[in-house]
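Summary of structural features
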Amino acid sequence: MEATAVERFEASRPRLASLAYRLLGSAADAEDAVQDAFLRWQAADRERIQVPEAWLTKIVTNLCVDRLRSAQARHERTAGGWLPEPLLDGDPLLGPADTAEQRESVSMAMLLLMERLSPIERAVYVLREAFSYSHAEIADILDITESASQQHLHRARQRVATGRRRDVVDHAEARRIVKAFLDAAASGRTEPLIALLTEDATGISDGAGLGGRTILLPGPERVATAVRGIYKPSESKRRLIGGSPALHAGLVNGSPALIAVIGDRVVGVLVLETREGKIAYACAVATPTRLGRCSAMWARQEHDAPLVESW
């Protein structure tokens, strides 16, 4: 394949990958979908493709829809162990973050909410809300009518609507939030934690990397009790993760996060989505297969001093 064709594809790769991540919630699956699109681009009669960017968007979107429809994906996502793959701030897969809709579409809570949607509803929602495609363009991408696109978007908005957007925070604010949370967790009591949570706060965990089902935590009391237990150090926990991690504050999927690190290896992430200054949603991920990309990104970045040197 000629160099110009490769360059044209590579110029589109970041946008395609961020689209695929929003559709699939998995960095590994998103990269696989983009690579499959490259193979199709390589085999295509490129002289007949009038608008390569539109052609590539169509290919990637439909590859993702096919993956979401597959029996394997349906089983994985309904078996009780699926959570989105967290991404550190600066990861190109997070894509555009200029609008509230774009930022919201990669939050951990929204990626989970989008599991309620059918594959076609999810595609319409992401293309419209995160990438501002018109209904005419979406209809062409998905081979549906404009009217169908509008109907799918209406249903999708109803199913994921919360009416409550998370706060937009920078690194300094994220560090303040995470430090306050960690101090409260280290107190050994639930009351300081509950004071940091909204009245309708919820949480979810992947079972601390033990390979079990996801654990749902409805209500601030359940969240606080679980966090108090998780962040109480013990030798058994240290053996499980391979040492005593340093605890850092950072941004993950655009939200404040407590990041546990041993060397350059991320061994756990707790994402804290805030609303009006209080924590409304907590998502804990510790399964190693979900943290590989975080670890790779962490090893390439500069970091602030840890909040806790050794847990």
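What you see is a predicted model, and the numbers here were worked out from it, not measured in a lab.

**Topic: the sheet that holds strand β3 (residues 246-252)**
A sheet is described by the order of its strands in space; here six strands give the open sequence β2-β1-β6-β5-β4-β3, paired in mixed fashion. With one partner strand each, in any of the chains shown, β2 (215-218) and β3 form the two edges of the open sheet. Here the strands of the sheet are splayed against their neighbours by 15 degrees on average, with no regard to which way each runs. As paired elements, strand β1 (residues 197-205) and strand β6 (residues 278-285) share five bridges and run parallel to each other. Each residue of the ladder has a partner; that of Leu-197, found in β6, is Ile-279. The sheet contacts of helix α10 (residues 171-186) involve β3, β4 (255-262), β5 (265-275) and β6, and relative to β3 the element is tilted by about 135 degrees. Taken strand by strand, helix α12 (residues 220-230) contacts β1, β2 and β6, and its axis lies near 50 degrees from that of β1.

**A closer look at the side chain of Ser-255**
Mapped onto the fold, Ser-255 is located in strand β4. Taking the relative accessible area as the measure of exposure, Ser-255 reaches 1% and is therefore buried. At a separation of 2.6 Å, a polar atom in the side chain of Ser-255 contacts the side chain of Arg-166. Setting aside its immediate chain neighbours within four residues, Ser-255 contacts Arg-166, Gly-250, Val-271, Leu-272 and Glu-273.

**A look at the packing of helix α3 (residues 52-69) against helix α7 (residues 119-129)**
Interhelical geometry of α3 versus α7 gives an angle of 145 degrees and a closest axis separation of 9 Å. Two packed elements cross with a definite hand, and for α3 against α7 that hand is right-handed. Contacts from Thr-57, Thr-61, Val-65, Leu-68 and Arg-69 of α3 reach α7 at Pro-119, Ile-120, Arg-122, Ala-123 and Leu-127.

**Quick notes on the environment of Arg-166**
Along the chain, Arg-166 turns up in the loop between α9 (146-160) and α10. Filtering out sequence-adjacent residues up to four positions away, Arg-166 remains in contact with Arg-103, Glu-104, Ser-107, Asn-253, Gly-254, Ser-255, Glu-273 and Thr-274.

**As for the pairing of β5**
Among the eleven residues of β5, ten are classified as buried, and the element is accordingly described as predominantly covered. The pairing of β4 with β5 spans six bridges and is classified as antiparallel. Bridge pairing in β5 links Ala-260 to Gly-268. Two successive antiparallel strands, β4 and β5, enclose a turn made up of two residues, where Gly-263 displays a positive phi of approximately 65 degrees. Taken together, the seven bridges between β5 and β6 define a ladder with antiparallel strand orientation.

**Observations regarding the environment of Arg-122**
Summarising the element assignment, Arg-122 is placed in helix α7. Considering only alpha carbons, one finds Arg-122 and Leu-93, 29 residues apart in sequence, at a separation of 18 Å. A polar contact of 2.9 Å, which involves the side chain of Arg-122, links it to the backbone oxygen of Leu-23.

**Here's the deal with the pairing of β4**
Counting buried positions over the eight residues of β4 gives eight, a clear majority of the element. Bridge analysis of β3 against β4 gives seven bridges, and the strand direction is antiparallel. Across the sheet, the residue bridging to His-248 is Ile-259, located in β4. Linking two consecutive strands that pair antiparallel, namely β3 and β4, is a turn of two residues; a positive phi of about 50 degrees is found at Asn-253 within it.

**Quick word on the nonpolar core**
Counting 48 residues, the largest nonpolar core has Phe-9, Tyr-21, Met-114, Tyr-125 and Leu-142 as its most contacted members. Among the secondary structure elements, those contributing two or more residues to this core are α1 (3-24), α2 (27-43), α3, α6 (108-113), α7, α8 (135-142) and α9. The biggest single contributor to this core is α1, with nine residues. Residues within four places of Met-114 in sequence aside, it is in contact with Arg-22, Ser-105, Arg-122, Tyr-125, Val-126 and Val-160. Of all hydrophobic cores here, the second largest spans 25 residues; its members include Leu-193, Leu-258, Leu-270 and Trp-311.

Calculation criteria
Within every chain, residues take consecutive numbers counted from 1 along the sequence as written. Totals for whole chains, interfaces and linings use all residues, but because this is a predicted model, local features are given only for residues with pLDDT of at least 70 and pairs of side-chain atoms are given and counted only at 80 or more. Heavy atoms from the whole structure form the basis of all side-chain values; hydrogens and water molecules are not counted. Strand pairing follows a simple DSSP-based rule, namely that at least 2 bridges must link the two strands. What counts as a helix is a DSSP run of H or I of at least four residues, what counts as a strand is a run of E of at least two, and both are numbered from the N terminus. Axis angles are defined between N-to-C directions and span 0 to 180 degrees, where every axis is a line fitted to C-alpha atoms and, for a helix, only to the segment in contact. Here a residue-residue contact requires only that any non-hydrogen atoms of the pair lie within 4.5 Å. The classification of residues rests on relative accessible area computed with a 1.4 Å probe and restricted to protein chains. Under 20% of the type maximum is buried, over 50% is exposed, and intermediate values are partly exposed. Any pair of N or O atoms that falls within 3.5 Å is considered a polar contact. Within protein, one atom must be able to donate a hydrogen and the other to accept it, and sequence-neighbouring residues count only if both atoms are side-chain atoms. Crossing handedness follows the turn of the near helix against the far one: under a right angle anticlockwise gives a left-handed crossing, and clockwise gives a right-handed one. By convention a nonpolar core is built from buried Ala, Val, Leu, Ile, Met, Phe, Trp, Tyr and Cys residues, the set being connected through side-chain atoms within 4.5 Å.

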